[in-house]
Every structure is written in structure tokens, then in C-alpha cells.
Amino acid sequence: MGLSVGIVGLPNVGKSTTFNALTKASNAEAANYPFCTIEPNKAIVPVPDPRLDELAKIVKPNKIQHSVIEFVDIAGLGNKFLSNIRETEVILHMVRCFEDSNVTHVENSVDPIRDIEIIETELILADIEQLAKKIEKLTKEAKANVKGAKESLECAKALADHLDSGKSAASFSEFDSDVFNALNKELRLLSAKEVIYGANVNEDEISIDNEYVKKVKEYAKERGAEVIKLCAKIEEELIGLDDAEAKEMLESLGASESGLESIIRTAFAKLGLISYFTAGVVEVRAWTIHKGWKAPKAASVIHNDFERGFIRAEVISYDDYIACGGEAKAKEAGKMRLEGKDYIVNDGDVMHFRFNV
Ligand code: GDP
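Worth saying up front: this structure is predicted, and the values here are computed from it rather than measured.

Enquirer: Got a minute to help me understand the site of the ligand in this structure?
Expert: Around the ligand sit 16 residues in total, of which Asn12, Ser16, Thr17, Asp100 and Asn202 are the nearest. In this structure, Lys15 approaches the ligand through a main-chain N or O atom, which is 2.9 Å from an oxygen atom. Separating a nitrogen atom of the ligand from a side-chain N or O atom of Asn202 is a distance of 2.6 Å. With three residues, the single largest contributor to the shell around the ligand is helix H1 (residues 15-30).

As C-alpha cells, this is what we get:
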């Protein structure tokens, strides 16, 4: 299941600061995920979800488990570094939107659109290189009449022309075609990935949109991408505080919520992920699935046996669960549904699986 976000950006824009904040956020929870190998350039972070706290108020469990996603940091540009993020599904593009004469800018001035274009050109160049190799291979296959090779070759060549003109794969006219999708599945094109722009501002500008942020927002709007404004330095400090202190600090800066949390939540949604819940005294837990998954497949993230021996799912929607004050009362009120194997799980469903193996 695709769960990871790659961080890119020019040097000195705040990537490491952001990544450090993410790593700190992950420390508390990482121990709960023994299946995750922790590598220095990866942070596995909990997805903030206030619904878990509401469920916990009712159930009073021993522990709470959040959904998690992974962020991957890259140490630089060029093909070698960029290959680190090929396997990720979404890109977090950090952009410098702050002035600070103590922090040198590699291009000697603050200009977020120029910076974005430099990075996006890098991504396109890396894709052109990948694609050239593929075109060579497909040319041979097409000559040998390998099935499907001719169509793939045509699409690959059209894509190469598109990339050569400086445009990203995301704006390729055949983006939604099956042939393109098959190519992309293999090549994992960097410029085809969804992008979230992280606009890094100074702490005294969190509550406003400065000129730089406005420009980034305009740029992103044309591309249907999202912009999250944050002050990376502050985010790092916020992680060390308890909830009440963090809230007070944000309020004093005129911000309603942590930018890092917005990034994590936005990334989760961009990955096409949703959560369903299990709520028992042992734990109240969010389970991560893709939007559109049916009940048996959703059950498999808890255990393969749940999918193999799936009989039925008992489902209470989150709103009903909270409104009724828990499972027993929701059942009494007739709010528990029995759903079969074709049920498409909704975000926030509180579930029990009946299975038999
Ligand atoms: P990277 O090269 O993109 O990983 O950038 P870093 O995260 O290492 O940040 C470069 C420098 O900018 C460091 O000295 C940071 O402390 C500083 N920095 C990061 N975010 C901000 C910010 O929001 N405002 C200011 N003034 N400095 C920042």
C-alpha cells in the first residue's frame, strides 16, 4: 500500500528542519510499529485525528493507535538522490518564503516561483533520462512485434516530446490513459506525482500570507495543487510541548493549527487513504485503507485471516457512535449495521469483523 511522501526543495529552504520536526513527531509512536524499519532518511508519523480522542473518551482504552504515513527526505538533487523518492506517491515540495540575511539562498535572492521551477525542471530531467532508456527498450520490442510494445512506444515518444518542452508528466494529455498508467507504474515518473507545496515562512508571518506565499498559492492553484504554510523552526519547537502549551504557542502566533499537522493530514488524503476504527478497551485504533476498499480487503490490514474467513462486518458510523455514547447504546438505537463482502468501507466507520477460518 502506498503510504509515503518524498520531500524535495532547494538547499536552505527548511527541508531538514521540517524533516527533523517530523522525526521528532514519529519518536513517540514509532515503537508501536514493529513492522516499520526506521532508517535515517525516513520518518513514520502519526496522522492527527481528533476522532480517536473522542472515541477514547467513551471507551477509555489502554492505548490509542493512529494511522501512520512515511516521509522520505532526500539529501540533494540529481538522479542518485532523486531515485530515493521514486517509490513515494506524493511529493512535499518545500519552498522558501522567508527573508533572513543569516540564511544564504543558493540563488542569492528569495524568489519562490523561480525556485519551484528549478526543482520541477530537475524532476523532469530525471524523468527524461528514465524515459530515454525505456524508449530504447521499447523500440527493440516493437521491432520484434512484442505485444503492446508499439502502443507503449508511441505513448512514450509523445511523453518524451512533452517533457522535452519543459512540461511535467502530470500535464501530459494522455495522463489518464491505460498505456500511460502502465508506463508510469513501471517508471514511477517523478513529475507525474501529486505535489503539496510547503511554504516556509518566518514565525511572525504565520498568521498572514506574505507576498511570497501569495505567489506560491497562485502558482499552485493553476496546477490544482495545495499549499500549506508553516514555520519549520516553530514546528520543531512545538513537538516538544504538551497539547496545552502547543495550543497556547500557536495562538500567540495567530495560527489556528500546526502547519506540520496540516501537511500530514493533507498528504494522507492525497495518498487516497482513509481510516476506519476499531474501539475496544485494549486499544482504540485507526486502520489505514485506500478509499473504495470493500470490507474483506479492509479487514486484511488487521489480519489476513479476517479477509480469508470473512463472514460479515458490524458497522457503526463514527457520528452515530459518538451521538449514542458508545457501542452498546448504538446497538440499542438500531445504529449498528451488518454488512457483507461487497460493502465499501467509509472513512470513520467503527468496525467489528466476524470471520471463520
Ligand atoms: P535545507 O537545506 O532545505 O534542509 O534547510 P534547513 O532546514 O537546514 O534550513 C536552512 C537554514 O534555515 C537553517 O539555519 C534553519 O534554521 C533556517 N530556517 C529554517 N526555517 C526557517 C524559517 O522559517 N525562518 C528562518 N528565519 N530561518 C529558517
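Enquirer: How should the packing of helix H5 (residues 149-164) against helix H6 (residues 178-187) be read in this particular structure?
Expert: Helix packing geometry: the angle between the two helix axes and the distance between the axes. Running from N to C, H5 and H6 cross one another at 80°; their axes reach a closest spacing of 9 Å. Between H5 and H6, the interaxial angle falls into the category roughly perpendicular. Of the residues in H6, those in contact with Glu151, Ser152, Cys155, Ala156 and Leu159 of H5 are Val179, Phe180 and Leu183. Across the contact of H5 with H6, the residue classes break down as six nonpolar, one polar and one charged.

Enquirer: In this structure, what is going on with the pairing of strand E6 (residues 194-200)? I would like to understand it.
Expert: Consecutive side chains of a regular strand alternate in pointing toward one face of the sheet and then the other. Along E6, six of the seven residues are buried, which leaves the element largely enclosed by surrounding structure. Two elements, strand E5 (residues 90-96) and E6, share seven bridges in a ladder whose sense is parallel. Its bridge partner lying in E6, Leu92 is registered against Ile196. Of the pairings in the sheet, the one linking E6 to strand E7 (residues 226-230) comprises five bridges and is parallel in character. If you follow Ile196 over to E7, its bridge partner there is Glu226.

Enquirer: Help me understand the pattern of salt bridges, please; the structure alone is not making it clear to me.
Expert: Considering all chains together, one arrives at 24 salt bridges under this definition. Among the ionic pairs, Arg86 bridges to Asp127, the shortest N-O distance being 3.7 Å. In this pair, Arg86 is assigned in the loop between helix H3 (79-82) and E5 and Asp127 in helix H4 (residues 112-143), connecting sequence segments 41 residues apart. Overall, Arg86 belongs to the buried group, its relative accessible area being 9%. Between Arg337 and Glu339 there is a salt bridge, and its shortest N-O distance comes to 2.8 Å. Assessed through its relative accessible area of 18%, Glu339 is described here as buried. Within the structure, one salt-bridge network assembled from shared partners comprises Asp49, Arg51 and Asp347.

Enquirer: Help me out: how do you make sense of the pairing of strand E9 (residues 283-290) in this one?
Expert: Judged by how many residues are buried, E9 sits mostly within the fold: seven of eight residues are covered. With three bridges joining them, strand E3 (residues 63-65) and E9 adopt parallel strand pairing. Across the sheet, residue Gln65 finds its bridge partner in E9, namely Arg285. Bridge analysis of strand E8 (residues 273-279) against E9 gives seven bridges, and the strand direction is antiparallel. Bridging across to E9, Phe277 finds its partner in Ala286. The antiparallel pairing of E8 with E9 creates a hairpin that spans three residues between the two strands.

Rules behind the numbers
- Residues numbered from 1 in each chain as written.
- Predicted model: local features only at pLDDT ≥ 70, side-chain atom pairs only at ≥ 80, totals over all residues.
- Heavy atoms only, no water.
- Near = heavy atom within 4 Å.
- Polar contact = N/O pair within 3.5 Å; in protein donor to acceptor, adjacent residues only side chain to side chain.
- Helix = DSSP H or I, 4+ residues; strand = E, 2+ residues; numbered from the N terminus.
- Axes fitted to C-alpha atoms, helices over the stretch in contact; angles between N-to-C directions.
- Parallel < 35°, antiparallel > 145°, perpendicular 65-115°, else oblique.
- Contact = heavy atoms within 4.5 Å.
- Nonpolar A, V, L, I, M, F, W, Y, C, P; charged D, E, K, R; others polar.
- Buried < 20%, exposed > 50% of the residue type's maximum accessible area, 1.4 Å probe, protein only.
- Pairing = 2+ DSSP bridges.
- Salt bridge = Lys/Arg side-chain N within 4 Å of Asp/Glu carboxyl O.

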